[in-house]
Amino acid sequence: MSTSNTSNTTTLLAQLRTVLDLTHTEIQIAETRTVQARTEAVRRELTENADNGRARAEAIESAIRELGGVPELIGPFLGRAAAAVKAIVEQAQPFDEALLGDLALEHQLLDRARYIKALAAAAQKKEVENLAFRLIAAHSATVDWLTTVLAEDALGGPAALRRTPLQAAAGTAVRLVNAPVSWSARGLDRALDTVRATPPALSDLLNRGAQAGDVAVKTLTASRDAALETAEQVTRREGADGVAEVLHSARTAAGVLEPGELPIDGYDDLNVAEAVAAVKELTEPADVRAIVAYEEAHKNRHGVVSAAQTRLAAIAQEVVGLS
């Protein structure tokens, strides 16, 4: 064997060992993410991803042995430890930052798989080159999936993965700290501008005894849902449309819109097949979001929720250019 080939093989072994360690981390992360799956279909997909990761790990171990190397026995334990640390750290991160961390891992795996392919070609190791093709395909698909989930979240959801309670709290804190920049992206800056500048602004509205008393009495004597609806109606009537839209968004997220406010006519009367068909015709993320929140708060038909999440994924893929 030439010195060049020996050097390529040595580098190839080092890269395969690194990818094996990262793959063990990827497996543990996939298993951790299953508890955040929004639908059973997503849960099955994540479970399958973990199983496929284990199969890839076995193939990488086999390739290392074929090249005369010995896989690190501690690799799986390091992978679990790294994933555990990552999971703990993520609890103090917003949801999007956690997903960006997952995406960085997948990009590293993808880039190393491409490097392995080149090394294998140079060392004339056809079987390892074929393994690299397999790794490239797998990690490319996962990069696209995570990119789609991030786009779903950017569009307001519902994302394939749910936030943990701590991630939701962390995300809220970050949005508050970064206001009004991040609020602007969500349209909340328009609400703040309305409070400051729209005559009559909400501050003026709340200074008026009659209107403030009206809001207070109705809020105290009605349920949360009715209070939100009343507040939206009053602010809209008084010209604070931006604030009314924020309140409407809150009602939408809570799934407490009235049936007549939903983007699908006669939604409450539709069976699962009819609701799924109607959801597939929606083109606006906000409309999909309204249906999912309402469905989860009322009938919670898994087939409808899954169809809505799939529809938003398709819209998200169009936005980021994956379709």
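Residues numbered from 1 in each chain as written. Predicted model: local features only at pLDDT ≥ 70, side-chain atom pairs only at ≥ 80, totals over all residues. Heavy atoms only, no water.

Notes on the pattern of salt bridges
Here is step 1: Enumeration according to the criterion identifies nine salt bridges in this entry.
Here is step 2: Arg-56 is paired through a salt bridge with Glu-26; the nearest N and O atoms lie 3.0 Å apart. Here Arg-56 is found in helix α2 (residues 40–66), whereas its partner Glu-26 is found in helix α1 (residues 3–33), with 30 residues between them in sequence.
Here is step 3: Residue classification places Arg-56 among the buried positions, given a relative accessible area of 7%.
Here is step 4: Among the salt bridges present, the one from Glu-295 reaches Arg-301, with a minimum N-O distance of 2.9 Å.
Here is step 5: Among the residues examined, Glu-295 registers a relative accessible area of 1% and is labelled buried.
Here is step 6: Connected through shared salt-bridge partners, Glu-31, Asp-51 and Arg-54 make up one network. (Salt bridge = Lys/Arg side-chain N within 4 Å of Asp/Glu carboxyl O. Helix = DSSP H or I, 4+ residues; strand = E, 2+ residues; numbered from the N terminus. Buried < 20%, exposed > 50% of the residue type's maximum accessible area, 1.4 Å probe, protein only.)

Describing unusual backbone geometry
Here is step 1: We note that Gln-124 has phi near 60°; this positive angle belongs to a residue other than glycine.
Here is step 2: One can find Gln-124 in the loop between α4 (95–122) and α5 (126–154).
Here is step 3: Judged by relative accessible area, Gln-124 falls into the exposed class, the value being 68%.

Examining the packing of α4 against α5
The angle between the axes and the distance between the axes are what describe a pair of packed helices.
Here is step 1: Between α4 and α5, whose axes approach to 8 Å, the crossing angle comes to 160°. As summarised for this structure, α4 and α5 are arranged roughly antiparallel, according to the angle between their axes. As for the relative orientation of α4 and α5, their crossing is left-handed in sense. (Axes fitted to C-alpha atoms, helices over the stretch in contact; angles between N-to-C directions. Parallel < 35°, antiparallel > 145°, perpendicular 65-115°, else oblique. Left-handed = near helix turned anticlockwise from the far one by under 90°.)

Remarks on helix α14 (residues 285–297)
Here is step 1: Between its first and last C-alpha, α14 extends 18 Å over 13 residues, near the 18 Å set by a 1.5 Å rise per residue.
Here is step 2: Taken as a whole, α14 has its buried residues at Pro-285, Val-288, Ala-290, Ile-291, Val-292, Ala-293, Tyr-294 and Glu-295. (Expected span 1.5 Å × (residues − 1).)

A closer look at the packing of aromatic side chains
Here is step 1: Taken as a whole and assessed by the stated rule, the structure comprises one aromatic pair.
Here is step 2: Aromatic side chains Tyr-267 and Tyr-294 sit 6.1 Å apart centroid to centroid with 80° between the ring planes, which places their arrangement in the edge-to-face category. Here the residue Tyr-267 occupies a position in the loop between α12 (241–254) and α13 (272–279), and Tyr-294 occupies one in helix α14, the gap between them amounting to 27 residues.
Here is step 3: Accessibility expressed as a relative area gives 2% for Tyr-267, which makes it buried. (Phe/Tyr/Trp six-rings, centres within 6.5 Å; stacked < 30°, edge-to-face > 60°.)

Brief notes about the nonpolar core
Here is step 1: In terms of nonpolar packing, the biggest core is built from 42 residues, with Leu-12, Leu-16, Ile-60, Val-128 and Trp-145 touching the most fellow members.
Here is step 2: Listed by contribution, the elements that provide at least two residues to this core are α1, α2, α4 and α5.
Here is step 3: In this view, Leu-16 contacts Ile-60, Ala-63, Ile-64, Leu-67, Ile-116, Val-128 and Leu-131; residues no more than four positions away in its chain are not counted.
Here is step 4: If you look at the next biggest cluster of nonpolar residues, it comprises 21 residues, including Leu-257, Val-276, Leu-282 and Val-288. (Core = buried A, V, L, I, M, F, W, Y, C linked by side-chain atoms within 4.5 Å. Contact = heavy atoms within 4.5 Å.)

Examining the side chain of Glu-129
Here is step 1: Within the element layout of this structure, Glu-129 appears in helix α5.
Here is step 2: Nearest to the buried, unbridged Glu-129 among oppositely charged side chains is Lys-126, at 4.1 Å.
Here is step 3: With residues near it in sequence (within four places) discarded, Glu-129 still touches Lys-117, Ala-120 and Ala-121. (Lys, Arg positive; Asp, Glu negative; His and termini not counted.)

Description of the confidence of the model for the chain
Here is step 1: Chain-level statistics for the chain give a pLDDT mean of 77 and a share of 65% at 70 or above.
Here is step 2: Confidence drops under pLDDT 50 across residues 169–203; counting only partners more than four residues distant or on other chains, this segment forms 37 contacts.
Here is step 3: Segment residues 215–222: pLDDT under 50, and four contacts once partners within four positions in sequence are set aside and those in other chains are kept. (pLDDT = per-residue confidence, 0-100.)

Description of a nonpolar patch on the surface
Here is step 1: On the surface, a cluster of nonpolar side chains totalling about 220 Å² of accessible area is made up of Val-319, Val-320 and Leu-322.
Here is step 2: In this fold, Val-320 is placed in helix α15 (residues 302–320). (Patch = residues over 30% accessible without salt bridge, like charges linked within 9 Å, V, L, I, M, F, W, Y side chains within 5 Å. Areas by Shrake-Rupley, 256 points an atom, 1.4 Å probe, with all protein chains shown as cover.)

Thoughts on the environment of Asp-287
Here is step 1: Along the polypeptide, Asp-287 turns up in helix α14.
Here is step 2: As for Asp-287 and Ile-264, which are separated by 23 residues in sequence, their C-alpha atoms are 8.5 Å apart.
Here is step 3: Setting aside anything within four residues of it in sequence, one finds Asp-287 in contact with Pro-263 and Leu-282.

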